[in-house]
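Summary of structural features
Below, each chain spelled out in residue letters.
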Amino acid sequence: MRMTPPEGPETGCERIPLRTTPASRSRPTPPMSSDPARVSEPEAVRRDEFREELAAAQHVLTRVPGARSPLVLFDRDVLGAQVELWRRHLAFVEPYFAIKACNVPAVLQYFDALGLSFDAANAGEIRMLEGLGVAPERVVVTHPIRDEEDLRAIARYKPRSLVVDGPAELRKLQHAGIPGPAYAPELLVRVELPFGGLSGKYGATVAQPIPQPDGLPRWQITDRFVRRILEEARKVERESGFGFSAFGLSAHVGTNSTSVDKYLILLRVFEHLSTRLAGHGFDISVFDVGGGYPDLEAPMLVGATQAGLMAQLGHIMGEFAAAHPRARLVAEPGRFLVSSAGSIVIGVMQVDKRRNLFAPDGTSWEVAHLKVQMNDGLYGNLLGERHDDKD
């Protein structure tokens, strides 16, 4: 994380205690019982789901011309149920589906039919949405650093909102004719949060750690760097003669988060920044609360449920929305909407009986087992098993 010197009260700093609840990997899901008489209700549900998935896979492989493994199947009922879960608890937060979580055209078309908006990261994802006929006013482009191809795609497609994290990106937009006579996007400034991972990968510095006698981390919040970006945006407006339609803030708490505290801190940072920036003449009317909403499994590892966490988030974000009735709240859910709806169909190519197991350090154990060779792996559909939230 970039460090900034301490600032005095005149710069609008606030000390925020940081107490987060990270996901623990110490309570894995128990294995399925091999004794039919001792099958628990969750195990029975999983077995029923497996039978349904197996039947769907067999149907596709035998009835769809040219279908072969490996392939990925999506259950539209589950996709729809996840959208309904979001709308039940966060109806006041407009979801922009993060295409990077799943760029399957059929899934995007289904979400489009359900009225979802989209988070596109780059020119390739913009072209995909163009090809599907998605209206640009339902798109936010969130990657804050762009190349020439990205800029040309944005200028052509004219998405509703653009995220930036520095003055240099504003000058890139200006050279691409943005804003212009026929295009006035919302400009969202990405801010860096102190949680590691995606929360601090991009963004203007707003937090600096302050040592405390009790050892608990606390952070001093400043609007200086966000204000500098917005002041540069005002210069671009004056020089070009065209303006942005609105200013906003954007942040991300990190991948697959089960910590409600992190979202609380995000909202407190937004509250502080918007108040301070209003004193400098900047009306913050869009708040992008980012992604990080968990899949079904992560909450179970900390003794919670996905629906329970969404209910808690709905409560705290509802309070924030009520305090900002004129503002627009948006989010970038990805895996939350698709992870539980997909099934990977993998073919078994070979099964060998083996007697020795080897660890990466060379340790071996003599135990009878089967070695299974499949036609998929980490360089295919299982690439997600190597991710920043995996141990």
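Structure: see above.
Bear in mind the structure is a predicted one, so any value in this text is a computation, not a measurement. (Residues numbered from 1 in each chain as written. Predicted model: local features only at pLDDT ≥ 70, side-chain atom pairs only at ≥ 80, totals over all residues. Heavy atoms only, no water.)

Moving on to the packing of helix 6 (residues 167-175) against helix 7 (residues 224-240). Helix packing for two helices is described by the angle between their axes and how far apart those axes are. The geometry of helix 6 relative to helix 7 is characterised by a closest axis approach of 9 Å and an angle of 20° between their N-to-C directions. Comparing the axis directions of helix 6 and helix 7 gives the class roughly parallel. Both helix 6 and helix 7 take part in a crossing whose hand is right-handed. Residue-level inspection shows Pro 167, Leu 170, Arg 171 and Gln 174 of helix 6 in contact with helix 7, the latter providing Ile 229, Glu 232, Ala 233, Lys 235, Val 236, Glu 239 and Ser 240. Residue composition of the contact of helix 6 with helix 7, grouped by class: five nonpolar, two polar and four charged. (Axes fitted to C-alpha atoms, helices over the stretch in contact; angles between N-to-C directions. Helix = DSSP H or I, 4+ residues; strand = E, 2+ residues; numbered from the N terminus. Parallel < 35°, antiparallel > 145°, perpendicular 65-115°, else oblique. Left-handed = near helix turned anticlockwise from the far one by under 90°. Contact = heavy atoms within 4.5 Å. Nonpolar A, V, L, I, M, F, W, Y, C, P; charged D, E, K, R; others polar.)

Glancing now at unusual backbone geometry. Here the amide bond leading from Ser 69 into Pro 70 is cis, since omega sits at 0°, within 30 degrees of zero. With respect to the element layout, Pro 70 can be found in the loop between helix 1 (41-63) and strand 2 (71-74). Of note, the bond from Ile 178 into Pro 179 is cis; its omega dihedral lies within 30 degrees of zero at 0°. Structurally, the position occupied by Pro 179 is in the loop between helix 6 and strand 7 (186-192). Its identity as a non-glycine residue notwithstanding, Lys 158 has a phi of 60°, on the positive side. Its location among the elements puts Lys 158 in the loop between helix 5 (148-157) and strand 6 (161-164). For Lys 158, a relative accessible area of 32% translates into the label partly exposed. Positive phi outside glycine occurs at Asn 256, with the angle close to 50°. (Buried < 20%, exposed > 50% of the residue type's maximum accessible area, 1.4 Å probe, protein only.)

With that settled, consider the pairing of strand 6. Alternating positions in strand 6 separate into two faces, Ser 161 and Val 163 on one and Leu 162 and Val 164 on the other, with burial throughout. Both strand 5 (residues 139-141) and strand 6 contribute to a ladder of two bridges, which runs parallel. Residue pairing in the sheet places Val 140 in a bridge with Ser 161 of strand 6. Note that strand 6 and strand 7 share four bridges and pair parallel. Following the sheet pairing, Val 164 is matched in strand 7 by Val 189. Tracing the backbone out of strand 6, into helix 6 and back to the parallel element strand 7 gives a crossover that is right-handed. (Pairing = 2+ DSSP bridges. Right-handed = clockwise from strand over helix to strand, strands pointing away.)

A cluster of acidic side chains, namely Glu 49, Glu 52, Glu 53, Asp 75 and Asp 77, defines a negative patch on the protein surface. The element best represented in the negative patch is helix 1, accounting for three residues. Relative to the elements of secondary structure, Glu 52 occurs in helix 1. (Patch = residues over 30% accessible without salt bridge, like charges linked within 9 Å, V, L, I, M, F, W, Y side chains within 5 Å. Areas by Shrake-Rupley, 256 points an atom, 1.4 Å probe, with all protein chains shown as cover. Salt bridge = Lys/Arg side-chain N within 4 Å of Asp/Glu carboxyl O. Lys, Arg positive; Asp, Glu negative; His and termini not counted. Charge placed at Lys NZ, Arg CZ, Asp CG, Glu CD.)

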